[in-house]
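# Working through the structure, step by step
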Amino acid sequence: SLESGLPLKDFEVVGFSLQYELSYTTVLNMLDLGGVPIRSEERMDSDKPLPIVIAGGPCTVNPFPMAPFIDAFLIGDGEEAVVELIHTIKQWKINGDRKRESLLKDISKIEGFYVPFVHSKDKTIRRRIILDLEQAPFPSKPVLPYMSIIHDRLNIEVSRGCTMGCRFCQAGMIYRPLRERSLENVLHIADESLKSTGYEEVSFTSLSAGDYSYLLLAIREFNKRYSKNKIALSLPSLRVGSINKEVLSEIRSIRKTGFTMAPEAATERLRGVINKDFNEEGYEKALYTLFSEGWFNLKLYFMIGLPTETGEDIEYIPQMALKALRIAKKMMGRFVNIGITISPFVPKPHTPFQWYGQIRLDDIRYKQKFLKDALISKKFKYKGHDERMSYLEAIFSRGDENLARLIESAWKLGCRLDGWSEVFNFDNWVDAMYKTGIDGRYYAEREFKIDEELPWDNIDIGVKKDFLYKEYIKALSGEITGDCRKQCTGCGLSCTVKHNSI
């Protein structure tokens, strides 16, 4: 619509990327503001030509809470599937009967699309997977905002997927297998994108950027090309074990951006449960490496409410932060900014922890208050994720189609931009639960039995449910599963992906 100025209702297809469960009411509001009926059945019964509403993104691996509002969900990678979708619509316009139900039936035949109007819940939908990321297009001319935004930089995806197998991480499961872009392609994308945007910072993004095969070579070549223009390079949060002195040295040679590490859990026992494979020695080594390279700003991410968590696991988080502070003072002899972010654990579909429930809201509040008091008293910067948002995220993450009534009711009560803390209104959600009779606590805290059918079982992401269960059992004993690049862990995917040469 930036080019055409058309209102939303006049498009043939409207697509949403469902990145976060708290965006669901925003989808309804955008449709309504655009003159599009929010429910699929309303659009089906209308005499007016209305757009087909599709959705992709990570939330679609459990599409059912949004199923009454979306005509077709694309599960998995979209680069090839969207082209097939457009071709199908063109053929329907040329040779079809122009009936909406006929088009939905045609879309349902495209691999990776779940169409609620056509498919029953027994129909298995297989995730679309691009095996060669090198052939996937990458947008080099993104739309530029008129204002400063949070991630105000150029983001280049260097790889897709992850091999580390963190048991809480949905992205690590639903984006498997690992696929990497070649060094030449990454630098070509950077060159084309910088020419068309004028950004002064570039981020090499991935689920585990520190494990990108060509990372050091890419950073060196990037700096060689763009250092004269003072274009800085940054990386997202890194695994403790992937922090490398040479990489840090190259990044800081232009401009030191902030640095983020995600230990997630503070005790070695709990890290074994979630499959974070590093010990105290590895943590200390990473800190010495970081501060020896002159970093003054460090963020550490931790989770609370993880399965099997004890009081000791919580109490050790401030100790882990203090260790970073002591090493910083020893190495640098000056004050450094260390920020601690605490987020409640949210169980997600298609992970080894999908059978667990979230801990009670009051327990989350208690743990957050303890950590906030302990960390602020030691002069750390504390940031806690709103526990009520995490509670809603847990409700919809593992929910079913019954939750559509709750989403619609909350929207009608005024919920619009629930992911924006400044306008988030939890009272509206409580009112919506009362009006619909839906017990949010039941959905957030329920634990599934191992042999129980899960709401999202018909969505096949390629990773076997049996593998996830084995990881669930290993979690209970704290057994580590290694990097699957070194040894196949038998998740169910055939990793025949070719690694691009330098």
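Everything below is about the structure printed above this text.
Described below are features of the structure shown in this document. All values reported here derive from a predicted model rather than from experimental measurement. All residue numbers here refer to positions counted from 1 along the written sequence of the relevant chain. Totals for whole chains, interfaces and linings use every residue, but because this is a predicted model, local features are given only for residues with pLDDT of at least 70 and side-chain atom pairs only at 80 or more, for both listing and counting. The side-chain quantities take in all heavy atoms of the structure and omit both hydrogens and water.

### Describing the overall build of the chain
For the chain, the count of helices and strands is 17 helices and 15 strands. The C-alpha atoms of the chain give 23 Å as radius of gyration, which agrees with the globular expectation for 502 residues (23 Å, within 12%). Counting only C-alpha atoms, the chain reaches 75 × 50 × 45 Å along its principal axes. Counting across all 502 residues of the chain, residues that qualify as buried make up 54%. Across the chain, every contact between residues at least 6 apart in sequence was considered, and the portion connecting residues at least 24 apart equals 76%. A 1.4 Å probe and the Shrake-Rupley method give the accessible areas. Residues count as covered only by the protein chains that appear here. Carbon and sulfur atoms form 50% of the exposed surface of the chain, whose accessible area is close to 23,600 Å². Only four residue types enter the charge count: Lys and Arg as positive, Asp and Glu as negative, with His and the chain ends excluded. A charge is said to be at NZ when it belongs to Lys, at CZ for Arg, at CG for Asp and at CD for Glu. Here the chain contributes 70 positive and 69 negative side-chain charges, whose respective centroids are spaced 4 Å apart. Numbering of helices and strands starts at the N terminus; helices are DSSP runs of H or I of at least 4 residues and strands are runs of E of at least 2. We compute the radius of gyration from the C-alpha atoms alone; for a globule the expected value is 2.2 Å times N to the 0.38, where N is the number of residues. Any residue under 20% of the maximum accessible area for its type is buried, any over 50% is exposed, and the rest in between are partly exposed; the area is computed with a 1.4 Å probe on protein chains only. Residue contacts are defined here by distance: any two heavy atoms, one from each residue, within 4.5 Å place the two residues in contact.

### Digging into the sheet that holds strand S9 (residues 201-205)
Read from one edge to the other, the open sheet built from three strands follows the order S6-S9-S10, with strand pairing classed as parallel. Sheet topology places strand S6 (154-157) and strand S10 (232-234) at the edges, where each strand pairs with a single neighbour. Pairs of neighbouring strands in the sheet enclose a mean axial angle of 25 degrees, with direction left out of account. One requirement defines pairing of two strands: DSSP has to find at least two bridges between them. Inspection of the sheet shows S9 paired to S10 by three bridges, in the parallel sense. Counted as the bridge partner of Ser203 is Ser234 from S10. Every angle, taken between N-to-C directions, lies between 0 and 180 degrees, and every axis is a line fitted to C-alpha atoms, over only the stretch in contact when it is a helix.

### Focus: the environment of Leu306
By the secondary structure assignment, Leu306 is in the loop between strand S12 (297-304) and helix H11 (311-332). Classification of Leu306 as buried rests on a relative accessible area of 3%. Spatially, the C-alpha atom of Leu306 lies 34 Å from that of Asn29, the residues being 277 residues apart in sequence. Contact partners of Leu306, with chain neighbours within four places excluded, come to Phe168, Glu264, Ala265, Leu270, Ile274 and Phe345.

### Some remarks on the packing of H11 against helix H12 (residues 361-377)
Viewed as axis vectors pointing N to C, H11 and H12 meet at an angle of 25 degrees, and their least axial separation amounts to 10 Å. One finds that H11 runs roughly parallel with respect to H12. The crossing of H11 and H12 is right-handed. The residues of H12 that touch H11, namely those facing Ile314, Glu315, Ile317, Pro318 and Ala321, are Lys367, Phe370, Leu371, Ala374 and Leu375. Note on residue classes: Ala, Val, Leu, Ile, Met, Phe, Trp, Tyr, Cys and Pro are nonpolar, Asp, Glu, Lys and Arg are charged, and everything else, Gly too, is polar. Of the residues contributing to the contact of H11 with H12, the split by class is eight nonpolar, no polar and two charged. Throughout, the term roughly parallel applies to angles under 35 degrees, roughly antiparallel to angles over 145, roughly perpendicular to angles from 65 to 115, and oblique to all others. Left-handed describes a crossing in which the near helix is turned anticlockwise from the far one by less than a right angle; the clockwise case is right-handed.

### Focus: the sheet that holds strand S2 (residues 52-56)
Hydrogen bonds between backbone groups are what pair the strands of a sheet, and the pairing can be parallel or antiparallel. The four strands lie next to each other as S1-S2-S3-S4, forming an open sheet whose pairing is mixed. Only two strands of the sheet have a single neighbouring strand rather than two, namely strand S1 (13-17) and strand S4 (113-114). Taken together, the five bridges between S1 and S2 define a ladder with parallel strand orientation. Bridged to Ser17 within S2 is Gly56. The sheet strands contacting helix H4 (residues 100-108) are S2, strand S3 (72-74) and S4, and the helix crosses S2 at an angle near 25 degrees.

### Structural notes on the state of the cysteines
Two cysteine sulfur atoms make up a disulfide if the distance between them is within 2.5 Å. Throughout the structure, instances matching the rule amount to zero disulfides. Cys59 provides the cysteine sulfur closest to Cys415, a residue in no disulfide bond, and the two sulfurs are 17 Å apart.

### Brief notes about the pattern of salt bridges
When the charged atoms of two side chains with opposite charge come close together, those side chains can pair. Salt-bridge detection follows one rule: a side-chain nitrogen of Lys or Arg within 4 Å of a carboxyl oxygen of Asp or Glu. Under the defined criterion, the tally for this structure stands at 42 salt bridges. Between Arg126 and Asp460 there is a salt bridge, and its shortest N-O distance comes to 3.7 Å. In this pair, Arg126 is assigned in strand S5 (residues 125-126) and Asp460 in strand S15 (residues 459-460), connecting sequence segments 334 residues apart. Since its relative accessible area comes to 51%, Arg126 is described here as exposed. We classify Asp460 as partly exposed; its relative accessible area is 27%. The shortest N-O distance in the salt bridge between Arg153 and Glu201 comes to 4.0 Å. Of this pair, Arg153 sits in the loop between S5 and S6 while Glu201 is found in strand S9, placing the two residues 48 residues apart along the sequence. Here the residues in one salt-bridge network are Asp77, Glu79, Glu157, Arg160, Arg179 and Arg181, joined through shared partners.

### A closer look at the packing of aromatic side chains
Aromatic rings from Phe, Tyr and Trp, taking only the six-membered ring of Trp, are treated as a pair when their centres fall within 6.5 Å; an angle between ring planes under 30 degrees marks them as stacked, one over 60 as edge-to-face, and anything in between as tilted. Under the definition given, this model contains 18 aromatic pairs. Ring geometry for Tyr212 and Tyr214: centres 5.5 Å apart, planes at 80 degrees, overall edge-to-face. For the pair formed by Tyr212 and Tyr214, the shared burial category is buried. With a centroid separation of 5.5 Å and 85 degrees between ring planes, the pair formed by Phe353 and Tyr356 is classed as edge-to-face. In this structure, Phe353 and Tyr356 share a single accessibility class: buried. Cation placement over rings: the criterion is NZ of Lys or CZ of Arg within 6 Å of the ring centroid and within 35° of the ring normal. Lys121 extends its terminal NZ or CZ atom over the ring of Phe64, reaching a point 4.2 Å from the ring centre. Residue placement shows Arg271 over the ring face of Phe278; its charged tip is 4.2 Å from the ring centre.

### Side note on unusual backbone geometry
Note the cis peptide between Arg176 and Pro177, where omega equals -5 degrees. Within the secondary structure, Pro177 is located in the loop between helix H5 (170-174) and strand S8 (179-180). Look at Lys230: it is not a glycine, yet its phi comes out positive at around 60 degrees. Within the secondary structure, Lys230 sits in the loop between helix H7 (215-226) and S10. Even without being glycine, Thr308 reaches a positive phi, approximately 70 degrees. Here Thr308 shows up in the loop between S12 and H11. Residue Thr308 is classed as partly exposed on the basis of its relative accessible area, which comes to 33%.

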